[in-house]
Amino acid sequence: GLKVIFKKRTSSPTISVGLYVRGGVRNATPETAGLENFTLQAAMEGSKSYPKDVLRRELARTGSSIGGASGTDLGAMSVVSTKQDVPEMWRRFTDLVINPTFAKADVDRIRIALLAGIADANSQPDNALSMLGAKVLNVGHPYAVQSEGTAETLAKFTPETLRAYHKQMLTTSRLLLVAVGDYEPEVFKQMVTASFAKLPKGNYQEKAVPPIEFAKATLDISERAVPTNYIKGYFKAPSLADPDYYAMKVATTILQSRVYQIVRVQRNLSYAPNAEMDEDAANTGDIYVTAVDANEAVRLMLAIIDDMKKNLVEKDEFEGLPGYFLTTYYLDQETD
């Protein structure tokens, strides 16, 4: 029952495998915020057959990497290895997936690192800005639950909590395996079958995520003793499944280019003004600037947006985009 996607790429010197967990924060509540991320990270620390010290030596010897984490829409456990080391690293990876020990020392170490990451994010203006934006933007939405958790939720998770979550998470209806590299598909299929055939199917049903609503414009200000101003504006954007996604990706890239040229190069108001799109199921884009003269920087950025809404993009500007944007956009237009 496990869905597997395999892409043979003969030019790749490594094999990359990701076992994805569907749902992300849709699997959580405010009380369990960060539990999936904590579980996936701690699971990759050591297993019954490959304790942490043994695993670290093998990773160093082979130049391989293993990791786990969870985010907004999905979690993942992954392994990257050279072709000759795939059989050996596959055994280690699958044992970590199926039989993690969640040793107390490992769990405590991961907890300290996660708590430090949260504290550091709050101390950095850019990260604090993004966190404030997400908090305001996602009120009443599943994305309001923080995938990395909070200091309060992370403090209460025990090894037993992680083991229980891991057990109910490991069902094929909730998992997707993706592999890319120079390997024979049939051989890989046999490896997957041998490792995961006994996993229960379960009855996981992924909840549809509602769009993020922008009923009206809002302005939220947080005062900090910093030498400049950090500003980020959010807008609704098509999701990856939306046929308008690639057109909006192109438009956002052009917006980023114009903002950079006018706000930084021509007016020298900011070092790194930006515009970008996320890749979430309920998707948004944003426009960003850090500037001492925030009013003038924002005025120019709004003028650029207004111009793009009213006027066609010049051909030379469009053709200056990276090739993969153009290819995707033209294919989408031909489909329509």
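Everything below is about the structure printed above this text.
What counts as what
Residues numbered from 1 in each chain as written. Predicted model: local features only at pLDDT ≥ 70, side-chain atom pairs only at ≥ 80, totals over all residues. Heavy atoms only, no water. Core = buried A, V, L, I, M, F, W, Y, C linked by side-chain atoms within 4.5 Å. Buried < 20%, exposed > 50% of the residue type's maximum accessible area, 1.4 Å probe, protein only. Helix = DSSP H or I, 4+ residues; strand = E, 2+ residues; numbered from the N terminus. Contact = heavy atoms within 4.5 Å. Pairing = 2+ DSSP bridges. Axes fitted to C-alpha atoms, helices over the stretch in contact; angles between N-to-C directions. Polar contact = N/O pair within 3.5 Å; in protein donor to acceptor, adjacent residues only side chain to side chain. Phe/Tyr/Trp six-rings, centres within 6.5 Å; stacked < 30°, edge-to-face > 60°.

## Comments concerning the nonpolar core
Val17, Leu19, Phe38, Ile66, Trp90, Phe93 and Phe188 are the most contacted members of the largest nonpolar core, which has 42 residues in total. When residues of this core are assigned to their parent elements, the largest contribution, six residues, is made by helix α3 (residues 86-98). Apart from the residues lying within four places of it in its own chain, the contact partners of Ile66 are Met44, Leu55, Leu59, Ser78, Val79, Met89, Phe93 and Leu96. Of all hydrophobic cores here, the second largest spans 15 residues; its members include Val259, Leu269, Ile287 and Ala291.

## Thoughts on the sheet that holds strand β7 (residues 274-277)
Pairing is antiparallel in the open sheet, where three strands are placed in the order β6-β8-β7. Each end of this open sheet is capped by a strand with a single partner; those strands are β6 (229-236) and β7. With direction set aside, neighbouring strand axes in the sheet form an average angle of 15°. When β7 meets strand β8 (residues 284-291), the two strands line up antiparallel, connected through four bridges. Bridge assignment links Met277 to a residue of β8, and that residue is Gly285. This element, helix α5 (residues 125-137), spans β6 and β8 of the sheet and lies at about 35° to β6. Lying over the sheet, helix α10 (residues 294-310) contacts β6 and β8, oriented at roughly 145° with respect to β8.

## Side note on the environment of Thr228
By the element assignment, Thr228 lies in the loop between α8 (185-196) and β6. In this structure Thr228 comes out as buried when scored by relative accessible area, which is 18%. The spacing of Thr228 and Met169 is 59 residues in sequence and 45 Å in space, taken between C-alpha atoms. Each residue touching Thr228, except ones within four places of it in the same chain, is listed here: Thr290, Ala291 and Val292. A distance of 3.1 Å separates a polar side-chain atom of Thr228 from the backbone oxygen of Ala291. Here Val292 takes part through its backbone nitrogen, which lies 3.3 Å from a polar atom of the side chain of Thr228.

## Structural notes on the packing of aromatic side chains
Here a ring pair, both rings aromatic, is described through the centre-centre distance and the interplanar angle of the planes. Tallied over the full model, the rule gives six aromatic pairs. Taken together, a centroid distance of 5.3 Å and an interplanar angle of 35° make the contact between Phe6 and Phe188 tilted. With Phe6 in strand β1 (residues 3-8) and Phe188 in helix α8, this pair connects stretches of sequence that are 182 residues apart. Using a relative accessible area of 3% as the deciding quantity, one classes Phe188 as buried.

Geometry only, nothing functional implied.
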